[in-house]
Amino acid sequence: MNPALELVLRLVILLLVFVVMSLVVGQTEHKVMAHLQGRLGPMYAGGFHGFAQLVADAVKFVQKEDVTPREADRWVFKLAPAVALAPYLVVLAVIPLSPTLVAADVGAGALFVLAVSAVGVLGVLMAGWSSANKYALLGGMRAAAQLLSYELPMVLSVASVALAAGTVSLTGIADAWHPLWLLWQLPGALVFLIAAVAELKRTPFDMPVAESELVMGPLTEYSGLRFAFFLLAEYAGIVVMSLLFAVFFLGGWHGPFSDSLGPVWTLLKSALISVLIIWLRASWPRLREDQLQRMAWLVLVPLALAQLALTAVWVVFSSR
Amino acid sequence: MPGLIKGLATTARTLARPTQTSEYPDVQPYLPPRTRGVIALMEENCTSCMSCSRACPNWCIYIDSHKETLPATTEGGRERQRNVLDRFAIDFSLCMYCGICIEVCPFDALHWSPEFEYAEFDILDLVHEKARLGQWMATVPPPPALDPHSAEPQETTAANKSARTAPTEST
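Residues numbered from 1 in each chain as written. Chains lettered and ligands numbered in written order. Predicted model: local features only at pLDDT ≥ 70, side-chain atom pairs only at ≥ 80, totals over all residues.

## Things to note about the overall build of chain B
Next, step 1: What chain B contains, in helices and strands, is five helices and five strands.
Next, step 2: From first element to last, N terminus to C terminus, chain B shows the α and β order α-β-α-β-β-α-β-β-α-α.
Next, step 3: Relative to the 2.2 N^0.38 estimate, which gives 16 Å for 171 residues, the radius of gyration of chain B is 26 Å and therefore markedly larger than a compact globule would have.
Next, step 4: For chain B, the spread of C-alpha atoms along the principal axes amounts to about 95 × 60 × 25 Å. (Helix = DSSP H or I, 4+ residues; strand = E, 2+ residues; numbered from the N terminus. Rg over C-alpha atoms; globule rule 2.2 N^0.38 Å.)

## Observations concerning the overall build of chain A
Next, step 1: Of regular secondary structure, chain A possesses 12 helices and zero strands.
Next, step 2: Reading chain A from its N terminus to its C terminus gives the helix and strand order α-α-α-α-α-α-α-α-α-α-α-α.
Next, step 3: Across its three principal axes, chain A shows a C-alpha extent of roughly 65 × 50 × 45 Å.
Next, step 4: Looking at the 320 residues of chain A, the share that counts as buried comes to 44%. (Buried ≥ 20, exposed ≤ 12 C-beta atoms within 10 Å, placed from the backbone.)

## Topic: the interface of chain A and chain B
Next, step 1: Counting residues at the interface gives 11 residues for chain A, matched by nine residues for chain B.
Next, step 2: Where the side of chain A that touches chain B is concerned, the elements lending two or more residues are α1 (3–36) and α11 (258–283) of chain A.
Next, step 3: Counting residues per element, the side of chain A that touches chain B draws most heavily on α11 of chain A, at three residues.
Next, step 4: When grouped by side-chain class, the residues that make up the side of chain A that touches chain B number six nonpolar, four polar and one charged. (Contact = placed C-beta atoms within 7 Å. Nonpolar A, V, L, I, M, F, W, Y, C, P; charged D, E, K, R; others polar.)

## Concerning the confidence of the model for chain B
Next, step 1: Overall, the prediction assigns chain B a mean pLDDT of 90, with 96% of residues at 70 or greater.
Next, step 2: Our summary of model confidence lists the complex with pTM equal to 0.83 and ipTM equal to 0.75. (pLDDT = per-residue confidence, 0-100.)

## Observations concerning helix α5 (residues 134–165) of chain A
Next, step 1: With 32 residues, α5 of chain A ought to run about 46 Å at 1.5 Å a step, and its terminal C-alpha atoms sit 46 Å apart, in line with that.
Next, step 2: The first or second residue beyond α5 of chain A is glycine 166 of chain A, which carries a positive phi of 85 degrees. (Expected span 1.5 Å × (residues − 1).)

## Thoughts on the sheet that holds strand β3 (residues 80–91) of chain B
Residues and elements named next belong to chain B.
Next, step 1: Strands sit in the order β2-β3-β5 across an open sheet of three strands; the sheet is antiparallel. Edge positions in the sheet fall to β2 (61–70) and β5 (127–128), since each has one partner strand and no second.
Next, step 2: As paired strands, β3 and β5 are joined by two bridges and run antiparallel to one another. Paired with aspartate 91 across the two strands is valine 127, which belongs to β5. (Pairing = 2+ DSSP bridges.)

## Looking at the packing of α1 of chain A against α11 of chain A
All names here are of chain A.
Next, step 1: Across the interface, α1 lies against α11 with an axial gap of 9 Å and an inter-helix angle of 45 degrees. Looking at the two axes, α1 sits oblique to α11. Our pair here, α1 against α11, has a crossing hand that is right-handed. For the pair formed by α1 and α11, the contact residues are Val25, Thr28, Glu29, Val32, Met33 and Leu36 on the first element and Ser274, Val275, Ile278, Trp279, Arg281 and Ala282 on the second.
Next, step 2: Split into classes, the residues belonging to the contact of α1 with α11 amount to eight nonpolar, two polar and two charged. (Axes fitted to C-alpha atoms, helices over the stretch in contact; angles between N-to-C directions. Parallel < 35°, antiparallel > 145°, perpendicular 65-115°, else oblique. Left-handed = near helix turned anticlockwise from the far one by under 90°.)

## Some points on helix α3 (residues 74–94) of chain A
Residues and elements named next belong to chain A.
Next, step 1: The largest bend along α3 reaches roughly 35 degrees and is located at alanine 80, with the proline proline 81 sitting one to four residues downstream.
Next, step 2: Regarding α3, the residues found buried are Phe77, Ala80, Pro81, Ala84, Leu85, Pro87, Tyr88, Val91, Leu92, Ala93 and Val94.
Next, step 3: The elements touched by buried residues of α3 are α1, α4 (109–130), α6 (170–175) and α10 (224–249). (Bend = angle between axes of the 7 residues up to and from the residue.)

## Things to note about the nonpolar core
All names here are of chain A.
Next, step 1: Counting 83 residues, the largest nonpolar core has Phe192 and Phe245 as the members making the most contacts within it.
Next, step 2: When residues of this core are assigned to their parent elements, the largest contribution, 17 residues, is made by α10.
Next, step 3: Those residues in contact with phenylalanine 245 that sit more than four places away from it in its chain are Phe192, Leu193, Ala196, Leu250 and Ile273. (Core = buried A, V, L, I, M, F, W, Y, C linked by C-beta atoms within 7 Å.)

## Looking at unusual backbone geometry
Next, step 1: Positive phi values are uncommon outside glycine, yet alanine 132 of chain A reaches one of about 55 degrees.
Next, step 2: You can see alanine 132 of chain A is positioned in the loop between α4 and α5.
Next, step 3: Alanine 132 of chain A sits in the partly exposed class, given 15 other C-beta atoms within 10 Å.
Next, step 4: Of note, the phi angle at aspartate 108 of chain B is positive, near 55 degrees, even though the residue is not glycine.
Next, step 5: Inspection of the secondary structure puts aspartate 108 of chain B in the loop between α3 (100–104) and β4 (110–113).
Next, step 6: Looking at aspartate 108 of chain B, the number of C-beta atoms within 10 Å reads 10, which means it is exposed.

## Some thoughts on the environment of histidine 49 of chain A
Residue and element names in this part refer to chain A.
Next, step 1: When you line up the elements, histidine 49 lands in the loop between α1 and α2 (53–62).
Next, step 2: Residue histidine 49 is classed as partly exposed on the basis of its 15 C-beta neighbours within 10 Å.
Next, step 3: It is 8.9 Å that separates the C-alpha atoms of histidine 49 and lysine 31, two residues lying 18 residues apart in sequence.

## Details of the confidence of the model for chain A
Next, step 1: Predicted confidence across chain A gives a mean pLDDT of 89, with 98% of residues reaching 70 or more.
Next, step 2: The lowest-confidence element of chain A is helix α9 (residues 211–214) of chain A, averaging 53 in pLDDT; the highest-confidence one is helix α8 (residues 186–199) of chain A, averaging 93.

## Points about the packing of α5 of chain A against α8 of chain A
Residue and element names in this part refer to chain A.
Next, step 1: Across the interface, α5 lies against α8 with an axial gap of 8 Å and an inter-helix angle of 150 degrees. Classified by the angle between their axes, α5 and α8 sit roughly antiparallel to one another. Between α5 and α8 lies a crossing of left-handed hand. Between α5, through Gln146, Leu147, Tyr150, Pro153, Met154, Ser157, Val158, Ser160 and Val161, and α8, the contact on the second element is made entirely by Gly188, Val191, Phe192, Ala195, Ala196, Ala198 and Glu199.
Next, step 2: Partitioning the contact of α5 with α8 into residue classes produces 11 nonpolar, four polar and one charged.

Spelled out as structure tokens, the structure:
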């Protein structure tokens, strides 16, 4: 096929998958969180159990007025949602659903993923700083501290998996997976899961956006489509982090009939992780800012380092 | 840590149970017997004694009436007087639904009805005039059965009491 046409096709499909999966996760969150709390969730929009609720929300956000506060730093304010959303789109492009099904096959996938998702931190910081609002600033600062602190445990746990697989390529890591990894990579998996939930600023790590305390944190001054993009970024983040967890620690496409059903297994495993993240939101209270930081530096980093050491020892002994 | 797991278990259990939410306008709520929704007026029973208007703590009942004289039925007899009700209105924006007016009415002209969907866009439309109060009578349910082990109602005890016998020679 004409390379330019193939590129455009891949981009279009990627964009569609990105938006559809984020909306599906968003709708799942509405319904699952509702039932976890003894409610029904959206029932009205779209007739059948409110499946079109997020579409209705999107229409609502699009028709709102685009307001920029007078004192705000205009271009930083306007660009922040894009800077928060785009990294997740780029990361989704390199995640393989099966050895052959990937939008962009990058040799150093794990490295690329970690580097690009760190850019998303900048979006939240831009939003908080440029809003000219003290609550937004406070939320932005807390978010920046939180996201930076939890980058390290995430990087260390991914390093452990890459070391065990012997490659930084995402396809290679998932290929090298073995069910025994569930046992001896378990600390690393837990560290990645906790760090991922913290990177997404979701409960129990949603101090930056603690509704009852900081209005909406760095998102306070946002309305309309820009606000919708921040929300979309949160759900896109859940999609991306669940897929990454499935690829790194659950073996991605491994499972019965993996030749034909490979992508289904990857999606199924990441769906389970997404539901777990939603379950955590409905069940656990919020960590205070200092508890959050303490957990990152005094619990997760030592645990990830221990996991890395264990992996290194195992790799050295198994290669003899 | 064990508390965290218990929290997860609680929410999971809530997920497994069917939800109690009843989706209101599609599903009507369950209203127990003797539900108080709106007050209905049976105009034929009302004698304009003004007991309800006086008893209402919020003064939300407005009554206008005038006396009419009816000619005597027999020749040389007394003319009879009747109260004619001109206006009977209850202002439901003031009403606190205490039911004192219904309890105090000696002629059973006022009744409770379980209807509750009469919200209006204009607060002045919450004053229900005689005609509308009469229309609510169609929605008044028959009185529910008494709970078990209740005392006999006064109507039946009065009816069952034997008639007064003639005085005996000893008195």
